[in-house]
Amino acid sequence: MNTMLAARLHEIGAPMRLEQVAVPSPRPTDVVVQVKACNVVPNLKNVLATYAQWFPYLPLPKLPAVFGLDSAGIVTEVGAQAGDIKVGDRVYVNPGISCGSCKACRRGEDQNCDQYTFMGYFSFGAGGQRLFDAYPYGGLAEYLTAPARNLVRLPDSVSFEQGARFGYLGTSYSALRKAKAGPGSTILIDGISGTLGLGACLIALGLGATRILGTGRNEALLADVKALAPERIEVHSIGSGSLREWVHEHNDGHGVDIVIDTLGPGAPAETLLEALSTLCRGGVLVDIGGMMERAPLDLFSLMCSQNTVIGSLWFSTGEAQEMADMAGAGVLDLSVFEHHVFPLEKVNDALDNLPVRHGGFTNFICAP
């Protein structure tokens, strides 16, 4: 039996164990991918240690389990009905899987499936364990299996380390597409110097947005973001004055067309409400950060201003392929990321001693 090295979690709060497990074989519509890079969420250790407190409604797989959300690598084996995927293809694996047969799935809206599940992380519904059982390997292993339909072909110009960032990037891309961002758009990114926010900024630049405004707390990081395109980006330090007034000052006296809110759990609801106040009439706010505090919305004001608030979860494989093609065409610049790579054997040490982050520019990668 061929075996591979995998980091498996046996107990919440305990270190992962490095173990030899069987190399998986593909079913007819699946592929096997040799993992070359897996993105490591900086707070993965804390998330797993305190999971019951932070995500009581997002089921984990039964333990022991192999985690690791965003993986890029090389196809090494192809099922008999896996379409035109070939051994040797360089790919990103979209970890979002669905049941395939419910009403949402039949519409092609996988993210709306009640059983939608992230391979190597958590599920959004009680039925997710069936999908965990079908695809039990995350990216913290040398190989994984995935449905062929979940693969995104990576252009040669996109490295595996950059490909492993596609989860964050794709989340921002889908949000901007929902808001119809493009030439002529003015966009406020709430949290522009963070991981999701920086991705939204890069994609907005690639989509041709006319003006990009962003908020953050670290002035040095904000300066680094502005330096990406000084003629199109303006940044605002939170707490330095009225955000709404600042937006109007830097947007020809108008509100913005789009707000992308990237602030995560722990952020106060007031920050979202302040960002919402910067919209012009008919503007759209898309929330992708997962802020957990409940925000009281003034529905009457939203109605009168014809504003829209959207929650956007993850992205489709098609959207990720569009984004990869943008990078291949040179309109999406992924060269700004600073990769910190560690081997699978050092996963526990790495999680305990991750270097100081340079905001969203930092990309932590495990290379099995």
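Scroll up to find the structure this text is about.
To keep things clear, this report deals only with the structure shown in the data block. All figures in this text were calculated on a predicted structure; none of them were measured in a lab. (Residues numbered from 1 in each chain as written. Predicted model: local features only at pLDDT ≥ 70, side-chain atom pairs only at ≥ 80, totals over all residues. Heavy atoms only, no water.)

**Remarks on helix 12 (residues 317-329)**
Between its terminal C-alpha atoms helix 12 stretches 18 Å, which fits the 18 Å expected from 13 residues at 1.5 Å a residue. Buried residues of helix 12: Thr-317, Glu-319, Ala-320, Met-323, Ala-324, Met-326 and Ala-327, and no others. Where helix 12 is buried, its residues touch strand 10 (151-153), helix 6 (166-178) and helix 7 (195-207). Taken from the residues just after helix 12, Gly-330 is the one with a positive phi, measuring 90°. (Helix = DSSP H or I, 4+ residues; strand = E, 2+ residues; numbered from the N terminus. Expected span 1.5 Å × (residues − 1). Buried < 20%, exposed > 50% of the residue type's maximum accessible area, 1.4 Å probe, protein only. Contact = heavy atoms within 4.5 Å.)

**Describing the sheet that holds strand 16 (residues 308-311)**
Spatial strand order, 13-12-11-14-15-16: 6 strands in an open sheet with parallel pairing. Across the chains shown, the open sheet's two edge strands, defined by having one partner strand only, are strand 13 (233-237) and strand 16. This sheet shows a mean twist of 20° between the axes of neighbouring strands, independent of strand direction. In this structure, strand 12 (residues 211-216) lies alongside strand 13, joined through 5 bridges in parallel fashion. Bridging from a neighbouring strand, Ile-212 pairs with Ile-233 of strand 13. (Pairing = 2+ DSSP bridges. Axes fitted to C-alpha atoms, helices over the stretch in contact; angles between N-to-C directions.)

**Here we look at a nonpolar patch on the surface**
There is a patch of nonpolar side chains on the surface, built from Leu-297, Leu-299 and Val-309 and spanning about 260 Å² of accessible area. Considering the arrangement of structural elements, one finds Val-309 in strand 16. The exposure class of Val-309 is partly exposed, given its relative accessible area of 37%. (Patch = residues over 30% accessible without salt bridge, like charges linked within 9 Å, V, L, I, M, F, W, Y side chains within 5 Å. Areas by Shrake-Rupley, 256 points an atom, 1.4 Å probe, with all protein chains shown as cover. Salt bridge = Lys/Arg side-chain N within 4 Å of Asp/Glu carboxyl O.)

**What to know about the pairing of strand 6 (residues 90-93)**
Looking along a regular strand, one sees side chains alternate from face to face of the sheet. Here 4 bridges tie strand 5 (residues 70-78) to strand 6, and the two strands are oriented antiparallel to one another. Residue pairing across strands places Ser-71 opposite Val-93, the latter belonging to strand 6.

**Describing the packing of aromatic side chains**
Summed over all chains, the structure comprises 9 aromatic pairs. A centroid spacing of 4.7 Å and a plane angle of 20° characterise the contact between Trp-314 and Phe-315, whose relative ring orientation is stacked. Neither residue differs from the other here; Trp-314 and Phe-315 are each classed as buried. Pairwise contacts between aromatic rings join Tyr-116, Phe-118, Tyr-121, Phe-122, Phe-124, Trp-314 and Phe-315 into one cluster. Arg-90 extends its terminal NZ or CZ atom over the ring of Phe-160, reaching a point 4.5 Å from the ring centre. (Phe/Tyr/Trp six-rings, centres within 6.5 Å; stacked < 30°, edge-to-face > 60°. Lys NZ or Arg CZ within 6 Å of the ring centre and 35° of its normal.)

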